[in-house]
Amino acid sequence: MIKNIIEVNKLERIYSNGIIKTYALRDVSFNIKSGEFIAIMGPSGSGKSTLLHQLGLLDSPTNGSIKIDTEDVSKLTDNDKTNFRLDKLGYVFQSYNLLPELNVIENVFLTSMAKGLEPQDYILRAKDILERVGLKDRLYYYPSELSGGQQQRVSIARALVNKPKILFADEPTANLDSDSSKDVIDLFRKLNKEINQTIVMVTHEIDEGKKADKIIWIKDGILDNSKNV
Amino acid sequence: MNKKDLKLMFFLAYKNIVKSKSTFLVIVAVMAMSFLSITFFSAIIDGLSYEFEDSMIKGQTGHLMIEPSSEESFIFNSNRLEKNIFKIPGVVGVASRLESNILITFKNEELGAPVFFIDPVDELKVSNFHESIIEGSFLSYKDTDEIIVGADLLEQYAPKDDTKKRFNLRVGDHVNLTFNNGYTKEYKIKGIFKTGSKFSDDKILINKKEYFSIFKKENISHKILIKLPSRGLEKEYIQKIKALGVTEQINPWETKIGMIKQFIGSLQITNQITGFIGLLTAFATIYIIIFINVTNKRKQIGILKAIGIKKIIILGSYIMQSFMYGFIGVILGNIIMQILLALFVSHPLAMPIGDVVPLLTTTKLLTTSLILILASIIAGFFPSRKAANDNILDAIFGG
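Residues numbered from 1 in each chain as written. Chains lettered and ligands numbered in written order. Predicted model: local features only at pLDDT ≥ 70, side-chain atom pairs only at ≥ 80, totals over all residues.

Visitor: Help me understand the packing of helix H3 (residues 104–114) of chain A against helix H4 (residues 119–132) of chain A, please; the structure alone is not making it clear to me.
Guide: Any two packed helices are characterised by how steeply their axes cross, that is the angle between the axes, and by the distance between the axes. Residue and element names in this part refer to chain A. Orientation of H3 relative to H4, taken along the N-to-C sense of each, is 125°, at an axis distance of 9 Å. Classified by the interaxial angle, the pair formed by H3 and H4 is oblique. In the crossing of H3 with H4, the sense of the turn from one axis to the other is right-handed. Residues Val104, Ile105, Val108, Phe109, Ser112 and Met113 of H3 form the contact with H4, whose participating residues are Tyr122, Ile123, Arg125, Ala126, Lys127, Ile129 and Leu130. By residue class, the composition of the contact of H3 with H4 is ten nonpolar, one polar and two charged. (Axes fitted to C-alpha atoms, helices over the stretch in contact; angles between N-to-C directions. Helix = DSSP H or I, 4+ residues; strand = E, 2+ residues; numbered from the N terminus. Parallel < 35°, antiparallel > 145°, perpendicular 65-115°, else oblique. Left-handed = near helix turned anticlockwise from the far one by under 90°. Contact = placed C-beta atoms within 7 Å. Nonpolar A, V, L, I, M, F, W, Y, C, P; charged D, E, K, R; others polar.)

The following block contains the structure:
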């Protein structure tokens, strides 16, 4: 039996502005199994990205719990969350968010360096993953010298270099042209199949969502059970 | 914090600096200019103070001055005392002087002036009168009918709009001097001196032999000036002179410069105030520049946190950068300062009191360097700590 890698239970995220409370997420519960490729979809402002940020420990829920790899991450301290993100999670952002002062290989091996790997090991890992995303001839380019699609592939390589349990992607194709978008989604599919990588991706493109194993629909901060089957 | 954290910290700091060369150069230049603005003015004031003191030492006091004991008007047996003091190892020169006031008469005009009776040979080793001759030449041992006149007594060297009564004398002119015992004698002007010190340039110098012939007293003096190898040795040599059995007053130069000391004290207070304001200004400038730099890196800091880089590493890397800004800026400032100092040594600033060479003590140099480096570290610490403590999403997406 395939175990759950993510268990979300009664998750709430409330933004308070004085006495006014806005529910960005309300009573959200679901599980994701290890090795699944999940798409989170919904209209703008539905809470997709908020949900992804909670799962990715970039933000803290107001109520409810999240278990990742059996650990209740909602109880972790800030420092523990940082270590957890480094060890077990990988991120791909909509606007790539590469560090402009680092070249491609440095952007990729940074987290391996932070984990304390020896230079020969983290350089080898970074080269290997960059070759897999098709950027072996761009190792020493700076982000500003790459196209959007190439930058996003560097971002994916960075997210994967430490072999994370889960790869989170927040609208990874939103800034890309259709060819680059297809490349990225195909790459995700390939990684999911070849190395059984668990992927949780927010997207608003139904075609991309269809390439995932499952779509979690969300609307107005709650799961849209009319679409979730 | 372990070795790998430090390594990563250094790596991030290094990459930030190398990739943002123009920012780095601007900040380093500001640091260097701040260093210069603080130290250069201070060095000029210190140089000026030193020059004031030096002009007093060279013209009026020597490093040590022996004066008659309180109940006496003269130092008796002066010649022997001079010889004994000169035998003390390290003593550079010893010169005795007698002082009086005279009435100068030239072409029916009269003017009172103070006079130093000097031994022209001894004086060469102690004072700077011989180096300050601007017309004619200095007295020789044999010159008993000739005198040297300070520039402040002469019209042609008077500052503009100065209404003090002066003579229009030239080298070779003859003047009558009337001494306070009523004796009058004609002397020829052999030279004119200008040390730049108001306390020296109003004097007339006459061979000491003349005092003995005019006042019929010998082997006495009012003051014995002693030149030492350098400043700071006064206490040591006072003990050595006392060991000779000297009962007269032996005073270091600091106790004999009166008004000048007050003036220099005021200058130093001004110097400290401007130095403090300069430091504050430099600190504010550095803080603002580094603050803007770190604030512009807020997004990068958010990304680093998001991908799992520890807060302490991020903070450390920015503090390291700030340290580098400060350190390299101060080094650059020091290099420029040393070049300027070398330039001013070969081309001193011409000031009314004489040539002034900016003076920068090691203590001031180190203090200013350390304070500026510390200021840059503090300037880097607060904004980067704030950014490192920011919510990740706010830092990345702006909030």
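Visitor: Honestly, the pairing of strand E6 (residues 89–92) of chain A in this entry has me stumped. Any pointers?
Guide: Regular strands have side chains that alternate between both faces of the sheet. All names here are of chain A. Alternating positions in E6 separate into two faces, Leu89 and Tyr91 on one and Gly90 and Val92 on the other, with burial throughout. Here E6 pairs with strand E7 (residues 166–170) via four bridges, running parallel. Paired with Gly90 across the strands is Leu167, a residue of E7. (Buried ≥ 20, exposed ≤ 12 C-beta atoms within 10 Å, placed from the backbone. Pairing = 2+ DSSP bridges.)

Visitor: What am I meant to see in the interface of chain B and chain A here?
Guide: How large an interface is tends to be reported as the accessible area lost when its parts come together. In this complex, chain B contributes 18 residues to the contact, which on the side of chain A involves 18 residues. Ranked by residue count, the leading element in the side of chain B that touches chain A is helix H1 (residues 3–19) of chain B, at six residues. Its residues assigned to classes, the side of chain B that touches chain A shows nine nonpolar, four polar and five charged.

Visitor: What am I meant to see in the pairing of strand E4 (residues 109–118) of chain B here?
Guide: Residue and element names in this part refer to chain B. Pairing of strand E3 (residues 93–106) with E4 involves ten bridges; the strand directions are antiparallel. Along E4, the bridge assignment pairs Ser100 with Val115. Between the antiparallel neighbours E3 and E4 lie two residues, among them Lys107 with a positive phi of about 45°.

Visitor: Can you help me understand helix H3 (residues 78–87) of chain B in this one?
Guide: Owing to its 3.6 residues per turn, the α-helix aligns residues three or four sequence positions apart on the same side. Residues and elements named next belong to chain B. Along H3, the positions that sit buried rather than exposed are Ser78, Leu81, Glu82 and Ile85. Down the axis of H3, the buried side of the element spans an arc of 100°, and every buried residue falls inside it. Seen from the open side of H3, the exposed residues pointing more than 90 degrees away from its buried face are Arg80, Lys83 and Lys87. Against the buried residues of H3 lie strand E2 (75–76), E3, strand E10 (220–221), strand E11 (223–227) and helix H6 (234–242). (Arc of directions from axis to C-beta.)

Visitor: Honestly, the sheet that holds strand E1 (residues 4–17) of chain A in this entry has me stumped. Any pointers?
Guide: Across a sheet, strands are paired by hydrogen bonds formed along the backbone, either parallel or antiparallel in direction. All names here are of chain A. The strand order across the open sheet formed by four strands is E2-E1-E4-E5, and the pairing between neighbours is antiparallel. Unpaired on one side and paired on the other, strand E2 (20–33) and strand E5 (71–72) mark the two borders of the sheet. Alignment of E1 against strand E4 (residues 63–68), held across five bridges, turns out to be antiparallel. Directly across from Asn9, in E4, lies its bridge partner Ser65.

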